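# Chain and residue survey
The chain contents come next:
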Amino acid sequence: MSSGKTTFSSLITAFTITALLSCKAFAGYATILIYHKFGEKNSPSTSVSMEDFRKQMAYLKNHGYKVVPLKTIIDYLYKKQPIPDKTVAITIDDGYRSTMKAFKILKEYNYPFTLFLYAEGIARFPAYLTKEELKEIAKYPEVTFGNHSYKHFRFAKMIKTMPLNKYVKMIEKDTLKAEERIEKLTGQKPVFYAFPYGEYNKVYIKTLKKLGFKALFSQDDSAVSSLTSPFPIPRKPVVGSWSKMKKFERMLKKEPLPVIKHTPPIGYIKTGKINIEAVIKNPKNYKSCQIYISEKGWMKTKKEGNTIKLGKPIKITRWKNRISVECYDKKTKRFANYIWMILR
């Protein structure tokens, strides 16, 4: 009997531990940081001071964050595995010469990072990395190079200016031209793509998927969960006033809201009136939900079952809006959000 009790007790203990670990794993998420310029006082809205950048890298180390290659997070998504808590990836867009200042600090911490390159500018225009600097960075074993287009146009918007087949060919031509130049200068063929200006539409996404990219990246200010689609993946911009330490700490602590589906969908909409709804997983875990839309600000919501929505349709006039659904997680006592972009 005592042996049976011991076995039963052991099973209960094992089950409890497994359940706790599963809950913790489910609650885990990744934060992908996006930087542009470093220590450039003439570009206050797109730069981070070197003092703050160094503090941020130290904060990640001193507070138990695991800085991983971008590929690690993509693997979690493709394998549908839980993301460990305090997972962070560092990305830098464009390839400005001030990237070299950040590179020195990233090497000190042995942090992996991904550099999304504006292919026309690098090794050509004065503000961008030279051929020699790119070779130096390419020697670092913890760097990955990504495609950030050749021309860095507002490609998402340009779909309205030409026939669809011509638009697709333009995207293909620009992307492949960028790929060829990046591979020539760095020795790496990019498998990740970051949208210029963080702007995207459905056709743009579909075209890049057909070209074989494993993941696409936006500038939607949200974290990444096991529910996140690789097309596109949100990143949190660390620029301007958002690069100050207090906001940086808050940025890391904001969770992803588990949105299963939403209305309207991403990309272009056919009407100036929209109804916003988001279906979330585990709705009982959340309270104080709000919806934010760029041209309207924060708006009150209704919660019906597992759906968060506005009381009535609203009229929009801007060509681009980002929509954010944000709630308070009663269990973790943190705010959680989900963001997507619409165009008209």
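Whatever comes next refers back to the structure up there.
Below you will find a few notes about this structure. (Residues numbered from 1 in each chain as written. Predicted model: local features only at pLDDT ≥ 70, side-chain atom pairs only at ≥ 80, totals over all residues. Heavy atoms only, no water.)

Another point: helix α4 (residues 99–109). Of the positions making up α4, those classed as buried are Thr99, Met100, Ala102, Phe103, Ile105 and Leu106. Elements in contact with the buried residues of α4: β2 (37–38), α2 (50–62), β5 (87–94), β6 (113–117) and α5 (131–138). Once α4 ends, the next one or two residues include Asn110, with phi positive near 55°. (Buried < 20%, exposed > 50% of the residue type's maximum accessible area, 1.4 Å probe, protein only. Helix = DSSP H or I, 4+ residues; strand = E, 2+ residues; numbered from the N terminus. Contact = heavy atoms within 4.5 Å.)

By the criterion of burial, strand β7 (residues 143–147) is predominantly enclosed, with four of the five residues buried. With five bridges joining them, β6 and β7 adopt parallel strand pairing. Its bridge partner lying in β7, Leu115 is registered against Phe145. Each parallel crossover has a hand, and the one from β6 via α5 to β7 is right-handed. (Pairing = 2+ DSSP bridges. Right-handed = clockwise from strand over helix to strand, strands pointing away.)

Attention now moves to the environment of Lys86. Summarising the element assignment, Lys86 is placed in the loop between α3 (70–78) and β5. Distance in space between the C-alpha atoms of Lys86 and Leu252 is 8.2 Å, their sequence separation being 166 residues. Setting aside residues no more than four positions away along its own chain, Lys86 makes contact with Tyr29, His63, Gly64, Tyr65 and Lys66. A distance of 2.6 Å separates a polar side-chain atom of Lys86 from the backbone oxygen of His63. (Polar contact = N/O pair within 3.5 Å; in protein donor to acceptor, adjacent residues only side chain to side chain.)

Turning next to α2. The end-to-end C-alpha separation of α2 is 18 Å, in line with the 18 Å expected for 13 residues at 1.5 Å each. Every buried residue of α2 is accounted for by Asp52, Phe53, Gln56, Met57, Ala58, Tyr59 and Leu60. (Expected span 1.5 Å × (residues − 1).)

Let us now look at the sheet that holds strand β12 (residues 259–263). Taken together, the four strands give an open sheet; going across it, the order is β12-β15-β19-β18, and neighbouring strands pair in antiparallel fashion. Looking at which strands have only one partner, the edges of the open sheet turn out to be β12 and β18 (302–304). Across the sheet, the axes of successive neighbouring strands diverge by a mean angle of 20°, strand direction being ignored. (Axes fitted to C-alpha atoms, helices over the stretch in contact; angles between N-to-C directions.)

Our focus in this paragraph is empty space enclosed by the protein. Summed over all chains, the structure comprises one cavity of 30 Å³ or more. Of the volumes computed, that of the largest cavity is approximately 60 Å³. Along its surface, the largest cavity is lined by Tyr29, Thr31, Tyr65, Asp85, Lys86, Thr87, Leu252 and Arg334. For the lining of the largest cavity, the per-class residue count stands at three nonpolar, two polar and three charged. (1 Å grid on protein atoms, 1.4 Å probe; cavity = no way out; pocket = protein on both sides within 12 Å on 5 of 7 lines; lining within 4 Å. Points joined across faces, edges and corners; volume = space filled by probe spheres on them. Nonpolar A, V, L, I, M, F, W, Y, C, P; charged D, E, K, R; others polar.)

The next point concerns the side chain of Thr31. Looking at where Thr31 falls in the secondary structure, it is placed in strand β1 (residues 30–35). The residues touching Thr31, leaving out its near neighbours within four places in the chain, are Thr87, Val88, Ala89, Ala223, Lys236 and Leu252.

Here the largest pocket is characterised by a volume of approximately 1000 Å³. Surrounding the largest pocket, 37 residues form its lining, Gln219, Asp221, Pro237, Trp242 and Ile339 being those nearest its centre. Looking at the lining of the largest pocket, the elements that each hand over two or more residues are β5, β10 (236–237), α9 (245–253), β21 (320–329) and β22 (334–343). A breakdown of the residues in the lining of the largest pocket according to their chemical character gives 10 nonpolar, 11 polar and 16 charged.

Let us look at a positive patch on the surface. Residues Lys157, Lys160, Lys273, Lys296, Lys312, Lys315 and Arg344 make up a contiguous surface patch of positive charge. By the secondary structure assignment, Lys315 is in strand β20 (residues 314–315). (Patch = residues over 30% accessible without salt bridge, like charges linked within 9 Å, V, L, I, M, F, W, Y side chains within 5 Å. Areas by Shrake-Rupley, 256 points an atom, 1.4 Å probe, with all protein chains shown as cover. Salt bridge = Lys/Arg side-chain N within 4 Å of Asp/Glu carboxyl O. Lys, Arg positive; Asp, Glu negative; His and termini not counted. Charge placed at Lys NZ, Arg CZ, Asp CG, Glu CD.)

What follows is about the packing of aromatic side chains. Across all of its chains, the model carries 24 aromatic pairs by this definition. Each ring, one from Tyr193 and one from Tyr204, has its centre 6.1 Å from the other, and the planes form 75°; the classification is edge-to-face. Taken as a pair, Tyr193 in strand β8 (residues 192–194) and Tyr204 in helix α8 (residues 202–210) lie far apart in primary sequence, 11 residues in all. In this structure Tyr193 comes out as buried when scored by relative accessible area, which is 0%. Residues Tyr328 and Phe335 carry aromatic rings whose centres are separated by 5.2 Å and whose planes lie at 70° to one another, so their mutual orientation is edge-to-face. Taken together, Phe153, Phe155, Tyr193, Phe195, Tyr200, Tyr204 and Phe213 form an aromatic cluster joined through their ring pairs. Lys86 extends its terminal NZ or CZ atom over the ring of Tyr65, reaching a point 5.0 Å from the ring centre. Its end group placed over the ring of Tyr197, Arg154 keeps NZ or CZ at 4.1 Å from the ring centre. (Phe/Tyr/Trp six-rings, centres within 6.5 Å; stacked < 30°, edge-to-face > 60°. Lys NZ or Arg CZ within 6 Å of the ring centre and 35° of its normal.)

Shape descriptors only; they carry no functional weight alone.
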